[in-house]
Amino acid sequence: MRSSTGATTPTSVTATSEPSAPAPGTAADRFAAARDRVHAWLPRGLAQILPATAIGFAAISSFTYAVDLTVLAVGFDVLELPYPVAVTVGYLVAFTLAFVLNRWLNFQSHGPVAGQTGRYVLTVVANYVLFILLLSSTLEAAGVHFLAARLVAGACEAVFMYLMMRIVVFRQKRYA
């Protein structure tokens, strides 16, 4: 600011009541907006039967599945761990990450974390035994390449896990 003598003087910063540019939403808000935009692109019939959270689950699962396969490949090929051990380590890392990301970003759940964690652990154990150990190991033992075996098991577990997360883990109480 210029004084009456023409010299520049410092100005103080004061709060104004004028609105500024809207602050960006939270990461969960931005994720939900992107998920909902993708869902809106679906054909009407498919969009009516496939909830938007399925799109979010697919995005998060794709990322965590890549983490799972990376850990599996490093464990099995590089560290030469037995296949069931390498699968287990990859699975634990990926599904811990999947729980956190789905709770925070996709389902935006604010329910009691202890109950959700308990239900998630039971779901993960069932999924692990049925699809990861039994199906994946059976396929690998039958001569299917270890990554292909894991991909087949992954397709089965994706459907199971989404349904369990939506219906059991992050269920929303409905009140009349």
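About the cut-offs
Residues numbered from 1 in each chain as written. Predicted model: local features only at pLDDT ≥ 70, side-chain atom pairs only at ≥ 80, totals over all residues. Heavy atoms only, no water. Bend = angle between axes of the 7 residues up to and from the residue. Helix = DSSP H or I, 4+ residues; strand = E, 2+ residues; numbered from the N terminus. Buried < 20%, exposed > 50% of the residue type's maximum accessible area, 1.4 Å probe, protein only. Contact = heavy atoms within 4.5 Å. 1 Å grid on protein atoms, 1.4 Å probe; cavity = no way out; pocket = protein on both sides within 12 Å on 5 of 7 lines; lining within 4 Å. Points joined across faces, edges and corners; volume = space filled by probe spheres on them. Nonpolar A, V, L, I, M, F, W, Y, C, P; charged D, E, K, R; others polar. Patch = residues over 30% accessible without salt bridge, like charges linked within 9 Å, V, L, I, M, F, W, Y side chains within 5 Å. Areas by Shrake-Rupley, 256 points an atom, 1.4 Å probe, with all protein chains shown as cover. Salt bridge = Lys/Arg side-chain N within 4 Å of Asp/Glu carboxyl O. Axes fitted to C-alpha atoms, helices over the stretch in contact; angles between N-to-C directions. Left-handed = near helix turned anticlockwise from the far one by under 90°.

Draft legend 1. Region of interest: helix α5 (residues 113-141). Of all the bends in α5, the greatest, near 40°, is centred on Tyr128. Turning to α5, its buried residues are Gln116, Tyr120, Thr123, Val124, Asn127, Tyr128, Phe131, Ile132 and Ser136. Buried positions along α5 lie against α4 (83-106) and α6 (146-169). Phi turns positive, to about 105°, at Gly143, one or two residues after α5.

Draft legend 2. Inspection of the layout of surface pockets at higher detail. Here the largest pocket defines a volume of roughly 220 Å³. As for the largest pocket, its lining consists of 15 residues, of which Ser61, Tyr65, Gly154, Glu157 and Ala158 are closest to the centre. Broken down by secondary-structure element, the contributors of at least two residues to the lining of the largest pocket are α3 (52-78), α4 and α6. Among the elements that line the lining of the largest pocket, the one with the most residues is α3, at 7 residues. Partitioning the lining of the largest pocket into residue classes produces 8 nonpolar, 5 polar and 2 charged.

Draft legend 3. Representation of a nonpolar patch on the surface. Residues Val121, Val125, Val129, Leu130 and Leu134 make up a contiguous nonpolar surface patch of about 410 Å² in total accessible area. Along the chain, the position of Val121 falls in helix α5. With relative accessibility at 42%, the residue Val121 sits in the partly exposed group.

Draft legend 4. Local environment of the packing of α4 against α6. Packing of α4 against α6 leaves a shortest axis separation of 13 Å and a crossing angle of 35°. With respect to the hand of their crossing, α4 and α6 are arranged in right-handed fashion. Here Tyr83, Tyr91, Phe95, Ala98, Phe99 and Asn102 of α4 lie close against α6, whose contacting residues are Phe146, Ala149, Arg150, Glu157, Met161, Met165 and Val169. Among the residues making up the contact of α4 with α6, the classes are represented as 10 nonpolar, 1 polar and 2 charged.

Distances and angles like these do not, on their own, reveal function.
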